[in-house]
Amino acid sequence: MKHFFIITNPFKDRELETTTEVMEFLADKGCTYQVKIAAEIQEESNRYTDAAEIPADTECILVLGGDGTLIEAARDTMELDIPLLGINLGSLGFLAEVEKSGIRHALSLLLQDQYQTESRMMLDGLLVRGQTLVERSHALNDIVITRNGPMQIIHFHIYVNGQFLNEYNADGVILSTPTGSTGYNLSAGGPIVEPGAELIVITPVCPHTLNTRSVVLSGADEVMIEMAPWKKDVSFRAEVNFDGGHGAALEMGDKIIVTKSRKRTDIVKISQVSFLEALHKKMSET
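Let me sum up the structure you'll find in this document. Just so we're clear, the structure is a prediction, and the values are computed from it rather than from any experiment. (Residues numbered from 1 in each chain as written. Predicted model: local features only at pLDDT ≥ 70, side-chain atom pairs only at ≥ 80, totals over all residues. Heavy atoms only, no water.)

## Digging into the overall build of the protein
Then step 1. Within the protein one finds five helices and 17 strands.
Then step 2. Within the protein, the fraction of its 286 residues that count as buried is 49%.
Then step 3. For the protein, the proportion of contacts with a sequence separation of at least 24, taken over those separated by at least 6, is 68%.
Then step 4. With an accessible surface of roughly 13700 Å², the protein has 49% of that area assigned to carbon and sulfur atoms. (Helix = DSSP H or I, 4+ residues; strand = E, 2+ residues; numbered from the N terminus. Buried < 20%, exposed > 50% of the residue type's maximum accessible area, 1.4 Å probe, protein only. Contact = heavy atoms within 4.5 Å. Areas by Shrake-Rupley, 256 points an atom, 1.4 Å probe, with all protein chains shown as cover.)

Printed below as a string of structure tokens:
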């Protein structure tokens, strides 16, 4: 590899010290690079990074921040099919595996083409209101439906491949990829899934029932969540969020349809440490 694009979260690298180190290293090795400081969402595209800014010869996108920065970068650049390497400047990184102390070693291996890539599944989410498609977005981590406003619960029905699965009164529901299983899904009591798997995990958030179990489905399944009435004269305020960023307000009767995306995210792997070893290390740190 010789051609790079760098995306930096300035809230994680406030003085751009790490970004400068990466730039100087690449320049010293005769590599080309461009830098994007991902400070604010661009309102017209709802993205931090415009894929059109990335040169066509880019071989790898270096993402400096935490897992959240890498997830957003994956969404923004998903149409380009360029692998991403995460450099962890956050506190707990499962995706951004390269720590600050290992940057030069990791970059040296990249330049020598000594790396592997892991292909991660993504989700497509459709928000349908009546017969109208209101919103379409994608997620590497999860699609989350949650209440928005005063302390109230929301009521929803879940269907899988057109068949009724269950109904919930809850604070919300998480539809997670294997990559996202170590995120909000884990905090809500959902299972940890090996990241290379092809699965969709459904985990209710604080359900008002004794049935709090997650459901693990095939990646080939279609999940539909219908926002249903609960009580008369109870205000309804809820929203759907894609990877914790882009969101849309929901109305009663809305349907959110979730399937495996045709697009995937390729994550560069430098370390030979297995997922289970990394998981053990992360869990020991918390």
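## Quick look at the layout of surface pockets
Then step 1. What the second largest pocket holds in volume is close to 310 Å³.
Then step 2. Lining of the second largest pocket is provided by 22 residues; of these, Tyr48, Gly68, Glu72, Asp243 and Gly245 occupy positions nearest its centre.
Then step 3. Per-element accounting of the lining of the second largest pocket gives the leading share, five residues, to helix α2 (residues 67-76).
Then step 4. Considered class by class, the residues forming the lining of the second largest pocket number eight nonpolar, eleven polar and three charged. (1 Å grid on protein atoms, 1.4 Å probe; cavity = no way out; pocket = protein on both sides within 12 Å on 5 of 7 lines; lining within 4 Å. Points joined across faces, edges and corners; volume = space filled by probe spheres on them. Nonpolar A, V, L, I, M, F, W, Y, C, P; charged D, E, K, R; others polar.)

## A word on the sheet that holds strand β15 (residues 238-242)
Then step 1. The six strands lie next to each other as β13-β12-β11-β8-β15-β16, forming an open sheet whose pairing is antiparallel. Looking at the sheet topology across the chains shown, the edges are occupied by β13 (215-218) and β16 (246-250). Along the sheet, successive strands turn relative to each other by an average axial angle of 15°, direction set aside.
Then step 2. Bridge analysis of strand β11 (residues 172-176) against strand β12 (residues 199-205) gives five bridges, and the strand direction is antiparallel. If you follow Val173 over to β12, its bridge partner there is Pro204. (Pairing = 2+ DSSP bridges. Axes fitted to C-alpha atoms, helices over the stretch in contact; angles between N-to-C directions.)

## Describing the environment of Lys2
Then step 1. Relative to the assigned elements, Lys2 resides in the segment before β1 (3-8).
Then step 2. In sequence terms Lys2 and Gln112 are 110 residues apart; their C-alpha atoms lie 9.4 Å from each other.
Then step 3. Those residues within four positions of Lys2 in sequence are excluded, and the remaining contacts are Lys29, Cys31, Thr32 and Glu59.

## Description of the environment of Ser181
Then step 1. Along the chain, Ser181 turns up in the loop between β11 and α4 (184-187).
Then step 2. By relative accessible area, Ser181 is classed as buried at 0%.
Then step 3. Put simply, Ser181 and Asn141 are 40 residues apart on the chain and 7.5 Å apart in space, counted from C-alpha to C-alpha.
Then step 4. When near neighbours in sequence (up to four residues on either side) are disregarded, Ser181 contacts Ser176, Leu186, Pro191, Ile192 and Val193.

## Here we look at helix α1 (residues 17-28)
Then step 1. Its twelve residues place the ends of α1 17 Å apart at the C-alpha level, agreeing with the 16 Å of an ideal helix rising 1.5 Å per residue.
Then step 2. Buried residues along α1 sit against β1, β2 (32-37), β3 (60-65), β4 (84-88) and α3 (103-111).
Then step 3. Of the residues flanking the end of α1, it is Gly30, one or two places downstream, whose phi is positive at about 80°. (Expected span 1.5 Å × (residues − 1).)

## A look at the pairing of β12
Then step 1. Counting buried positions over the seven residues of β12 gives six, a clear majority of the element.
Then step 2. Sheet topology places β12 next to β13; four bridges connect them, and they run antiparallel. Each bridged residue has a counterpart across the sheet, and for Leu199 the counterpart in β13 is Ser218.

On their own, these measurements won't tell you what the molecule is for.
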